[in-house]
Each structure stands twice: as C-alpha cells, then as structure tokens.
Amino acid sequence: MAEVVGVRFKNVGKVYYFDPDSNDLKKGDKVIVETARGVECGEVAMENREVGDDKIVQPLKKLIRIATKEDLRKVAENREKEKKAFAICVRKIAAHKLEMKLVDVEYTFDNTKILFYFTADGRVDFRELVKDLASVFRTRIELRQIGVRDEAKMLGGLGICGKPFCCSTFLGGFQPVSIKMAKEQGLSLNPVKISGTCGRLMCCLKYEQEAYLDLLRTTPGVNSIVMTPSGKGTVVESNMLTGMLHVHLDSTAPDAAPQVFKVKQVKLLKGAQTKVNKKDMQELKDLEKD
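Residues numbered from 1 in each chain as written. Predicted model: local features only at pLDDT ≥ 70, side-chain atom pairs only at ≥ 80, totals over all residues. Heavy atoms only, no water.

Novice: Looking at this structure, I do not really get the pairing of strand β9 (residues 225-228). What am I missing?
Specialist: Within a regular strand, the side chains alternate between the two sheet faces. Side chains V226 and T228 project from β9 onto a buried face, and the interleaved I225 and M227 project onto a face without burial. Where β9 and strand β10 (residues 231-239) come together, four bridges link them in antiparallel fashion. From the neighbouring strand, M227 faces β10, where its bridge partner is K232. Where β9 hands over to β10, the hairpin turn is made up of two residues, counted between the paired strands. Two strands pair when backbone bridges link them, and β9 and strand β13 (residues 267-270) are joined in this way by three bridges, in the antiparallel orientation. In the strand pairing of β13, V226 is matched with L268. (Buried < 20%, exposed > 50% of the residue type's maximum accessible area, 1.4 Å probe, protein only. Helix = DSSP H or I, 4+ residues; strand = E, 2+ residues; numbered from the N terminus. Pairing = 2+ DSSP bridges.)

Here it is in structure tokens:
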C-alpha cells in the first residue's frame, strides 16, 4: 500500500497518481508535478488515500509543490499563448494546403513543448508544417492526430438529448460501443438516432448497458410470443424502462388495437431476435469506429 493523490490535467481527463510528499491536499487544489511530457500544472481530483501497489504505475513521482500565484499566472498566460498559436497554425495549414483540421493547441507548463491536436481522414505528411511551426515558436513542436470522439471531448457541445456531451462532462475515457448494445436496449437501428454529434455510437449505450441487460432478462422483446391473462399474443411494443408491453392477441382481429400488460402479467413462450439487412449492418458497423 502507498499513499497517493489523484491529479487530472484536463477538465474530464484521466486521473494520474502521484506521491503527495507529506502534503494534505484537497479536491480542486492546483499542483505542480513532473510527467512524461515535462513539468505540468494539474488539479487534484482525488484526495490523499491509500491504494494497493498493483494499481500504481511505477515509479510513483512526487509532487513538486502546491501551485503558487505565480504558477497560476503562468498557466493563464499559456492559455492566451495557445489562442495565438492556434490562429498561426491554421494559417500555416492553409499555406501548406494540408487536408487536416486543427482542433486544439496545448502548451506544456514549462513551455518546452507545444502540442497541436488535429483530425484528418487519412495520414498526413506534416513534416514541413512542423519545421515551419518550429521556426516561428522556437520550441519543440508535436502534432497529434486524434479521432472524432476525442475531438468532441475536447470541443464539447450539446448532444441529441439536449444535454452537454457525456465525454466532455463526466466520462474520464472512451470504451468500445457496439451495435449489439443498441439492439439489446430496444433502440431503432437508425444511424441518425443512435449516433452522437461525433458521428459514432453514443457513449451512453455503453454505461447504460448493464441496467438494460438486467431488464432484458425479464422483459420480452418485440415479436416475442407471450401468454397473457387474456390469452396468447405477440408483443408489438416493449418498454423496458416502464415495464409495459403492448400485445396483439391471437384471438382478436388483425387490425384490432393491442392490449397493454405489465411484464409481471405475462409469460414468455418464444423470444424474438432483431434482424438487420447486410447493407444497414455495414452502415451501422462504421459507427463503431473510434
């Protein structure tokens, strides 16, 4: 066991462990630490606590110091520099006629490196661009190609639900999302309805999956054959969250309105599987990419 403090470098980024070096830190405190990229200013996301050695990436680096007013002033200056660097880089990209979109610029705390994050459809030869930027800024330049999900996390925005993106508000990292999850949650397999603003499958499909799997064990899906208090019928609409089923009874006319039953009132006789044609499946598979 070792005493650690969790530090985050982005608003909703990954939390890294550091040795607090006898400092009693509170959530939200600004601290200066040494990382693989150099000296950085981060925010305490997890207060002092003991964790197992198996959860620590060795060597565990010590906290350099709690951020001073001078440190915070430098961070603010770096934010202003990033805005200017962004504008310069956009002009340089246009001048070099490169098929890439600049997303964000980040100065390291000690100004030893500037990172430029961009998206592109394929590989981009940006060697001349790096040389050009290095001649302007006189420091180390690093260009990083990111995916569309990372772009959405960095820029933020509103999802189709009307709320801020999950990735930019509380999700620390991305996890694989599959079409199977959408099928199991009873969603329409329409790319427009199950994809986020980034054009990939919505992140909420992943973190809500466990709850849906639990409901799926007790809720018959659409086209399932069930026995109800009024006789045998076919499920035409299923709402896992409310536990209500719309069932068309075999004993009624084909155009008769379905009857509504609670899940506890029916018995499953035969389940049903959702079928998707090959063309639609290929289109949906593209949404699974990072």
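Novice: So what exactly am I meant to see when it comes to the sheet that holds strand β7 (residues 113-119) here?
Specialist: Sheet strands line up and pair through hydrogen bonds in the backbone, either parallel or antiparallel. Read across the sheet, three strands follow the order β6-β7-β8 without closing on themselves; strand pairing throughout is mixed. Both outer strands of the open sheet, β6 (101-107) and β8 (140-145), are each paired with one neighbouring strand and no more. Each adjacent strand pair in this sheet contributes to an overall mean axis angle of 20°, direction not counted. Summarising the sheet, β7 and β8 pair through six bridges and their orientation is parallel. Considered in β8, the bridge of Y117 is made with R144. Strands in contact with helix α1 (residues 69-95) are β6 and β7; relative to β6, the strand with the most contacts, it is inclined by about 145°. Packing of helix α3 (residues 148-155) onto the sheet brings it into contact with β6 and β7, and relative to β6 it is tilted by some 55°. (Axes fitted to C-alpha atoms, helices over the stretch in contact; angles between N-to-C directions. Contact = heavy atoms within 4.5 Å.)

Novice: Would you take a moment to explain α1 for this structure?
Specialist: Given 3.6 residues per helical turn, the α-helix brings residues three or four places apart onto the same face. Along its 27 residues, α1 runs 39 Å from first to last C-alpha, staying within 8% of the 39 Å computed at 1.5 Å per residue. Those residues of α1 that sit buried are D71, V75, N78, E82, A85, I88, C89 and I93. Looking at the residues trailing α1, positive phi occurs at K97, about 55°. (Expected span 1.5 Å × (residues − 1).)

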